[in-house]
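# Summary of structural features
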Amino acid sequence: MSDALPLGATIGILGGGQLGRMLSLAASRLGFKTHIYCPDPDSPAFEVTPHKTVAAYDDRDALARFAAAVDVITYEFENVPADTAEFLAPLKPLRPGANALAVSQDRLVEKAFIAAAGIPVAPHRAIRDAADLAPALAELGGRGILKTTRLGYDGKGQRRVGSLAEAEAAFAALRPHPLVLEALVPFEREISVVIARGLDGATAAFDPAENVHRDGILATSTVPATMSAASTDLARGHAASIAAALAYVGVLGVEFFVLADGSLLVNEIAPRVHNSGHWTEAVCITDQFEQHIRAVAGWPLGDPTRLADVVMENLIGDAIHAIPNGLGPGVRPHAYGKTESRAGRKMGHLNRVASKTPRK
Ligand code: AMP
């Protein structure tokens, strides 16, 4: 493993949110140092990293100093500006690569890429101007979800539409254009697969999680998910195909819709550790954070085997007060150290651990 970073090497992380914080904790447990780069001085990851830079993502002097101070660069959010990634990539290894950002930053590019890999996505149409709405709506059954192609997250940047008038109003309200109109998928459930791919091309997928969203934000992830062994294998296979097609290094989240017949559509991918993988820290031999650090460090991947059943519950806004008040037996708490609790803000999570049920 000549490409493996030695103990004591420094991992640069773009982004200082809770994912950067959890990556930093995992990195230090493996004997690495981290250097977190984030424009926001109040970033939760700054509390747990030995090195930090507070600077804008387009500050080239600060980026150059950051690159010089680290051995490898990764990121905890997919909206790293393309210019930032292009500037950094020649200076130090950027893992996952800039192509993973380019694909995941644009819903139209993402769907085209996934479909080209032979994996089904929701029927959709590009909406470049208002005149595209009527034919697209007609083709997709008269209703759908109109989404921004860029910068949408946690249900922001999208609206359900059931008529041309609603679609026109949504088109006027949603920015930036172009948009994408997706058919309303009659899914039975939503699941995700978090998968790691190493520098040597080896992959390791965690068990699929069954996800419930509230107000567009992930509320719970339950493992095992209610799905057949065949769909489970299909989901893992699709995730591995996407990771391979991207020549990916690191942890990748792949969200799926499960239809009544057990078939799967990919909703979206995230080139980073994923909220629906937070359960792995409580019940897997290697969790997603360690797995990501191992991958970007060129280390062999760890064992993703799950040892127990689990429900991960996001603590949003004031729900953070479940720590410490709601901590019964089997509950593993994780608070992100954010001082200000706002409605809709992810403040922490709980993992409710139970004995493993045998796979049917
Ligand atoms: P997204 O930001 O694309 O992950 O969408 C947030 C949530 O909206 C998803 O997790 C689904 O619950 C729902 N949703 C998104 N797209 C569709 C669709 N095409 N059909 C039905 N529900 C959807």
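Computed from a predicted model, the values in this text were never measured in an experiment.

Conventions and cut-offs
Residues numbered from 1 in each chain as written. Predicted model: local features only at pLDDT ≥ 70, side-chain atom pairs only at ≥ 80, totals over all residues. Heavy atoms only, no water. Near = heavy atom within 4 Å. Polar contact = N/O pair within 3.5 Å; in protein donor to acceptor, adjacent residues only side chain to side chain. Areas by Shrake-Rupley, 256 points an atom, 1.4 Å probe, with all protein chains shown as cover. Helix = DSSP H or I, 4+ residues; strand = E, 2+ residues; numbered from the N terminus. Nonpolar A, V, L, I, M, F, W, Y, C, P; charged D, E, K, R; others polar. Pairing = 2+ DSSP bridges. Axes fitted to C-alpha atoms, helices over the stretch in contact; angles between N-to-C directions. Contact = heavy atoms within 4.5 Å. Buried < 20%, exposed > 50% of the residue type's maximum accessible area, 1.4 Å probe, protein only. Arc of directions from axis to C-beta. Phe/Tyr/Trp six-rings, centres within 6.5 Å; stacked < 30°, edge-to-face > 60°. Lys NZ or Arg CZ within 6 Å of the ring centre and 35° of its normal. Right-handed = clockwise from strand over helix to strand, strands pointing away. Domains from an automatic or database assignment.

The ligand sits among 15 residues. The nearest are Lys147, Gln158, Ala183, Val185 and Glu190. Here an oxygen atom of the ligand sits 3.0 Å away from a polar atom, N or O, in the side chain of Asn267. Bound to the protein, the ligand loses 91% of the 480 Å² it would expose on its own. Every element with two or more residues in the shell around the ligand is listed here: strand 6 (144-148), strand 13 (250-258) and strand 14 (264-270). Each residue belonging to the shell around the ligand can be placed in one class, and the counts come to six nonpolar, three polar and six charged.

With that settled, the discussion passes to the sheet that holds strand 4 (residues 72-75). If you trace the four strands from one edge of the open sheet to the other, you get 3-2-1-4, paired in parallel fashion. Looking along the sheet, the strands with just one partner apiece sit at the ends: strand 3 (51-53) and strand 4. Between one strand axis and the next, the sheet turns by 25 degrees as a mean value, whatever way the strands run. Pairing of strand 1 (residues 10-14) with strand 2 (residues 33-37), which is carried by five bridges, proceeds in the parallel orientation. The residue of strand 2 that forms the bridge with Gly12 is His35. Sheet contacts for helix 1 (residues 18-29): strand 1 and strand 2; angle to strand 2, the most-contacted strand, approximately 165 degrees.

With that settled, consider helix 10 (residues 288-296). Where burial is concerned, most of helix 10 is hidden: nine out of the nine residues are buried. Within helix 10 the residues assigned to the buried category are Gln288, Phe289, Glu290, Gln291, His292, Ile293, Arg294, Ala295 and Val296. Where helix 10 begins, one side-chain oxygen reaches toward the backbone nitrogen of Phe289, 2.9 Å away; that side chain belongs to Asp287. After helix 10 finishes, the residue Gly298 shows a positive phi value of roughly 75 degrees.

The amide bond that connects Arg175 to the next residue, Pro176, takes the cis arrangement and shows omega of -10 degrees. The amide bond that connects Ile323 to the next residue, Pro324, takes the cis arrangement and shows omega of 5 degrees. Tracing the backbone through its elements, the reader meets Pro324 in helix 11 (residues 322-325). Of note in the backbone geometry, Asp215 takes a positive phi value of approximately 50 degrees without being a glycine. Structurally, the position occupied by Asp215 is in the loop between strand 11 (209-214) and strand 12 (217-223). Even without glycine at this site, Ala247 takes up a positive phi of about 50 degrees. Counting through the fold element by element, Ala247 comes out in the loop between helix 8 (229-245) and strand 13.

So, about helix 5 (residues 107-116). Of all the residues in helix 5, the buried ones are Arg107, Leu108, Glu110, Lys111 and Ile114. All buried residues of helix 5 lie within an arc of 160 degrees about the axis, which places them on one face of the element. Looking one or two places after helix 5, you find Gly118, whose phi comes out positive at around 85 degrees.

So, on to the packing of aromatic side chains. Counted under the stated rule, the structure contains six aromatic pairs. With a centroid separation of 5.8 Å and an interplanar angle of 25 degrees, the aromatic rings of Tyr37 and Tyr57 are classed as stacked. One end of the pair, Tyr37, is in strand 2; the other, Tyr57, is in the loop between strand 3 and helix 2 (60-69), with 20 residues separating them in the sequence. Across this residue pair, the class does not change: Tyr37 and Tyr57 are buried. In textbook terms, an aromatic cluster arises when at least three aromatic residues are bridged by ring pairs, as seen for Tyr37, Tyr57, Phe66 and Phe77. We note Lys52 situated over the ring of Phe46; from NZ or CZ to the ring centre the distance is 4.9 Å.

It is worth spelling out the environment of His51 at this point. Inspection of the secondary structure assignment puts His51 in strand 3. Relative accessible area serves as the criterion here: at 36%, His51 is assigned to the partly exposed category. Between the alpha carbons of His51 and Ile36 there is a distance of 6.5 Å; along the sequence they are 15 residues apart. The residues contacting His51, other than those within four sequence positions of it, are Lys33, Thr34, His35 and Ile36.

Moving on, we get to the pairing of strand 2. Counting buried residues in strand 2 gives four out of five residues, a clear majority hidden from the surface. For the crossover that starts at strand 1, traverses helix 1 and ends in the parallel strand 2, the hand is right-handed. Here strand 2 pairs with strand 3 via three bridges, running parallel. The residue of strand 3 that forms the bridge with His35 is His51.

Glancing now at the domain arrangement of the protein chain. Many analyses report the size of an interface as the accessible area lost when the parts associate. As far as domains go, the protein chain holds domain 1 (10-94), domain 2 (123-182) and domain 3 (189-354). Computed from C-alpha atoms alone, the centre-to-centre distance between domain 2 and domain 3 is 28 Å.

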